Amino acid sequence: MMIPPLLIFATVAFAAPKQSSNSVALQLGTVLAAEEFCDLSYDQEKIAAYIEKTVAADDMEFASRLQLMTDGKKFQQENMSKTAKAAHCVQIRRVAKTNGFIR
């Protein structure tokens, strides 16, 4: 019996686990580190709401991982070329706007 490709895709898409808090820490740390670097100003309530929605309440490691990732990304920014910074900030601005962190 052959399973239709669309059914396979739907099964995989719905069975995929949520993002790990490690992944959230890395991604959010990247965005947070870019706030001043990209001349942005984030809505702290929206950041808090994002964390409430995506991180388990009992995850005691998330805050330290987030800080580590944020500090690491700030360090990496020091060596970015102007072009790399421009590209980085364009995408950070898009992500921040899409997630409601900026207007």
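Residues numbered from 1 in each chain as written. Predicted model: local features only at pLDDT ≥ 70, side-chain atom pairs only at ≥ 80, totals over all residues. Heavy atoms only, no water.

### So, the state of the cysteines
For clarity, the cut-off: Any two cysteine sulfur atoms lying within 2.5 Å of each other are counted as a disulfide. Strands here are runs of E lasting at least two residues and helices are runs of H or I lasting at least four, both read from the DSSP assignment and numbered beginning at the N terminus.
As enumerated under the stated definition, the model contains one disulfide in all. Each sulfur of the disulfide joining C38 and C89 lies 2.0 Å from the other. On the sign convention where negative is left-handed, the bridge of C38 and C89, at about -80 degrees about the S-S bond, is left-handed. With C38 in the loop between α2 (21–37) and α3 (44–54) and C89 in helix α5 (residues 82–98), this pair connects stretches of sequence that are 51 residues apart.

### Re the nonpolar core
Within soluble globular proteins, side chains that are nonpolar generally end up buried alongside one another. Filter applied, for reference: Side-chain atoms within 4.5 Å link the members of a nonpolar core, which is a set of buried Ala, Val, Leu, Ile, Met, Phe, Trp, Tyr and Cys residues. Partly exposed residues are those whose accessible area sits between 20% and 50% of the maximum for their type, while under 20% is buried and over 50% is exposed, using a 1.4 Å probe and protein chains only. Between two residues, a contact is recorded if the distance between any of their heavy atoms is within 4.5 Å.
Core analysis: the largest hydrophobic core is formed by 19 residues, its most contacted members being L28, C38, L40, Y42, F62, I92 and F101. Contributions of two or more residues to this core are made by α2, α3, α4 (62–77) and α5. Ranked by residue count, the leading element in this core is α2, at six residues. If we ignore the near neighbours within four places in the chain, the residues touching L40 are E35, I92, R93 and I102.

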